[in-house]
Amino acid sequence: MQFPKNNINKIVSELKKEVKMIGLVAPSFIADFKYPSIIFRLRKLGFDKVTELTFGAKLVNREYHKKLKNSKKLLIATPCPGIVDVIVKKYPQYKDNLIKVDSPMVATAKICKKYYPKHKTCFISPCNYKKIEAEVTPEVDYVIDYSQLKQLFKKYKIKKIKGDILFNKFYNDYTKIYPISGGLGKTAHLKGVVKKDEVLTIDGIKNVMKFLENPDPKIKFLDVLFCKGGCIGGPYTSKLPILLKKRKILKYLKKSKTQDIPENKKGILKKASGIKFASNKMYWDK
Ligand code: SF4
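Parameters and conventions
- Residues numbered from 1 in each chain as written.
- Predicted model: local features only at pLDDT ≥ 70, side-chain atom pairs only at ≥ 80, totals over all residues.
- Heavy atoms only, no water.
- Salt bridge = Lys/Arg side-chain N within 4 Å of Asp/Glu carboxyl O.
- Helix = DSSP H or I, 4+ residues; strand = E, 2+ residues; numbered from the N terminus.
- Buried < 20%, exposed > 50% of the residue type's maximum accessible area, 1.4 Å probe, protein only.
- Phe/Tyr/Trp six-rings, centres within 6.5 Å; stacked < 30°, edge-to-face > 60°.
- Lys NZ or Arg CZ within 6 Å of the ring centre and 35° of its normal.

A. Region of interest: the pattern of salt bridges. Scanning the model with the defined rule gives 14 salt bridges in all. Notably, a salt bridge pairs Lys131 with Asp145, separated by 2.7 Å at the nearest N-O pair. Linking Lys131 in helix α6 (residues 128-135) with Asp145 in strand β5 (residues 142-145), this pair joins segments that are 14 residues apart in sequence. In this structure, Lys266 engages Glu263 in a salt bridge whose closest nitrogen and oxygen atoms are separated by 3.2 Å. Residue class for Lys266 comes out partly exposed when judged on its relative accessible area of 31%. Residue Glu263 is classed as exposed on the basis of its relative accessible area of 52%.

See the structure below:
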């Protein structure tokens, strides 16, 4: 599979030419990179701005809330393009159950393009499936995976940097657990929308397929991710045990709750007004 947006030479040449670029860091980054060192390092590489996807995830959650509230049939989470791909190709009978809402990556890229229309966006990815999604997302200009980023840091001798720095804009704390299996369901405020026993969280594609082949009719919401453990188990993430990576995410969440984030950096809803995060026609319909 070709990923034209994953053109490292072009990305580096743009950064060297001082083309203004925003790095959109996937939420599992904390399992592989130190925070806030990652922000300094990306800036040193030439990124003008660096943001995470937590505000995008919050907006995605709001759409899930609406969809689940108004649905009687089984709905399947779609932030993971790996799940979408398997369903479209192997289980097309479930295609209509896929939730037609953007992923946090797409939602964040849309917000970035609204606020910084002249900037290019580059998604920093834990897997190839997100590269496929980046290719079909007009708001994402480039994509690079964790292992390619580590190689670039090595090539340009950009080591871990200590100090205090914040991401540019769009902070949200509780959605930091998105890359953990069940992170979406836990942060979408589904109490009163679906009953506890109507939600099923599954990670690992084999387990997901088992359910699809033998579905439980009681389930209304399938909160699923392709990789074992969720995005922290993505193929370009480190080989650390999942439990350890999970701990890092939870520690990051805890730290973020104590952080004093200036008002102008917070992901508040009015910043996304006018942007649509749900559509009748998603990339898998084309
Ligand atoms: S669960 Fe795996 S395949 Fe799906 S988006 Fe996350 S890292 Fe990619």
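B. Structural view of the packing of aromatic side chains. A full pass over the atoms with the stated rule returns twelve aromatic pairs. Between Tyr35 and Phe167 the ring centres are 5.6 Å apart and the planes differ by 25°, which places this aromatic pair in the stacked class. Of the two residues, Tyr35 sits in the loop between β1 (21-25) and α2 (37-45) while Phe167 sits in the loop between α7 (146-155) and α8 (183-187), which places them 132 residues apart along the sequence. As far as the burial class goes, Tyr35 and Phe167 line up, both buried. An angle of 55° between the planes, with centres 6.0 Å apart, marks the rings of Phe167 and Tyr171 as tilted. The pair formed by Phe167 and Tyr171 is uniform in burial state, with each residue classed as buried. Taken together, the ring pairs connect Phe29, Tyr35, Phe167, Tyr171 and Tyr252 into an aromatic cluster. Positioned above the aromatic ring of Phe33 is the side chain of Lys150, whose terminal nitrogen or guanidinium carbon lies 5.5 Å from the ring centre.

C. Representation of the environment of Lys255 within the structure. Locating Lys255 in the fold gives a position in helix α10 (residues 242-258). Each C-alpha atom, one on Lys255 and one on Val88, is 39 Å from the other, the two residues being 167 residues apart in sequence.

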